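# Architecture and fold: a report
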Amino acid sequence: MKTSKRKSWFILVAAIAAIAIPNQVFSQTVAVKSSSGSSGSAPQWTVQVGKVDSGHLDLAQSFQLAIYENLLEELNKTKKFKVVMREGDRKASEVPSLLILKTTVVKYTPGSETRRAVTTVSGATKLMVRTQLLTREGEIIVDQTVNGDVRFFGSNLRATHNLARNIAKAIKNANMATVRASYRDAQPPTLNADGAQ
Amino acid sequence: MNRLFALRNHQSGSFTGHALISLWALSLCCSTGAFAQKTPPSVNATAPFSVRVTHLLGWPNTKTNCNGTLSIQDNLLQFRQKGRPGAQISIASVQNLFLGEESKQIAGLPMTLGKAAAPYGGGRVVSLFAHKKYETLTLEYVDSDGGVHGVIFQLSKGQGEMLKDELVARGVPWSVSPDSGEDQPTRQSTAEVTRENK
């Protein structure tokens, strides 16, 4: 009788431990995750997206504006920036920590949706752009060449969507600590009201 | 002899008449040509205008790839989806207008899946014929803060030109854009020319 009581007591303690310990571990992980999330990726910067420069290439205006609009949407989705501003936005001059995104088309291969549908292997629309994230002073923080194409299904304009998504991904993966350091170095020293630093 | 003289006189009178008529006809032709050159496109700049379009991207608070009606009324451009009034922009804020052409496969995803499922590459043969040419109208406008926006609409062939005429009649500047679609003749872009001139 005594041994059975002891056994049941032992089982109860084991069960409680089994339930409580993983929960505690889980909550710890969540806490760590949330704290790292809040400190590491808290949006502090504002980015202003510039219009796409087609360079010397004969890129349709619809493509240029599609890249621009898709970029705005994809950068908003990353939640990496406090505000994503458009080119020409007058409010940008008032923002203290502003980054400027410049996009220049390097290579463009016009494709054909019909050719893609008929042959599968040819007719891809390909875009290659150079994307630069700069400070207001012109210091380059991110400088990458990004591709975007549509190979099998979808209209030609889909290449612009894929390209914008890849640019946003590249910027998201860029080390924002470098951005912070670069920006701090680039900032002029702030002065108090009496002129002291 | 007298008779012959009279006949000659009569002939010279007729020649003068002919010359006068020819001169009058010529002047009439020239004046018509000049009039035709001066006449602006026959678009009533105040009458409301609407056209069925597919919104591809950029219009505020509107889903992409949705059908609707783009209407022009009282200096406002409005996109209506299923008759419901949507967002509207002022025509005065439109800075640029580009017209292009694109060839697309028809019937979307269901057709694509059907073609993929067709045996012996039958879907590829269908693809050869299952495409249609559309016109794309690209608008560049600025919002109240000065931010640049881009909107792209897809229209049936011929309607883009009509819409362009309506907008141009209301003072929107327009440029011919090199087409993004396939099998298109290359057209000179005035936008690029202006950029080069700057």
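Cut-offs applied
- Residues numbered from 1 in each chain as written.
- Chains lettered and ligands numbered in written order.
- Predicted model: local features only at pLDDT ≥ 70, side-chain atom pairs only at ≥ 80, totals over all residues.
- Helix = DSSP H or I, 4+ residues; strand = E, 2+ residues; numbered from the N terminus.
- Buried ≥ 20, exposed ≤ 12 C-beta atoms within 10 Å, placed from the backbone.
- Contact = placed C-beta atoms within 7 Å.
- Core = buried A, V, L, I, M, F, W, Y, C linked by C-beta atoms within 7 Å.
- Nonpolar A, V, L, I, M, F, W, Y, C, P; charged D, E, K, R; others polar.
- Axes fitted to C-alpha atoms, helices over the stretch in contact; angles between N-to-C directions.
- Parallel < 35°, antiparallel > 145°, perpendicular 65-115°, else oblique.
- Left-handed = near helix turned anticlockwise from the far one by under 90°.

## Concerning the overall build of chain B
Scanning chain B from terminus to terminus reveals 5 helices and 8 strands. For chain B, the residues scored as buried account for 25% of the 198 residues in total. Partitioning the intrachain contacts of chain B with sequence separation of at least 6 by distance along the chain shows that 54% fall at a separation of at least 24.

## A short note on the nonpolar core
Residues Val47, Val49, Ile67, Leu71, Leu75 and Leu163 of chain A together with Phe153 of chain B are the most contacted members of the largest nonpolar core, which totals 59 residues. The element that contributes the greatest number of residues to this core is helix 2 (residues 61-78) of chain A, accounting for 8 residues. When neighbours within four sequence positions are excluded, leucine 75 of chain A is seen to be in contact with Val47, Val49, Phe81, Val84 and Ala168 of chain A.

## Observations concerning the interface of chain A and chain B
Listed by partner, the interface residues are 27 residues for chain A and 31 residues for chain B. Of all elements in the fold, only helix 2 and helix 3 (113-119) of chain A reach the threshold of two or more residues within the side of chain A that touches chain B. Residues that form the side of chain A that touches chain B fall into these classes: 11 nonpolar, 7 polar and 9 charged.

## Notes on the packing of helix 2 of chain A against helix 4 (residues 158-173) of chain A
All names here are of chain A. Across the interface, helix 2 lies against helix 4 with an axial gap of 8 Å and an inter-helix angle of 40°. Considering the angle they form, helix 2 stands oblique to helix 4. Here helix 2 and helix 4 pass one another in a crossing that is right-handed. Between helix 2, through Phe63, Ala66, Ile67, Asn70, Leu71, Glu74, Leu75, Lys77 and Thr78, and helix 4, the contact on the second element is made entirely by Thr160, His161, Leu163, Ala164, Arg165, Ile167, Ala168 and Lys172. Residues that form the contact of helix 2 with helix 4 fall into these classes: 9 nonpolar, 4 polar and 4 charged.

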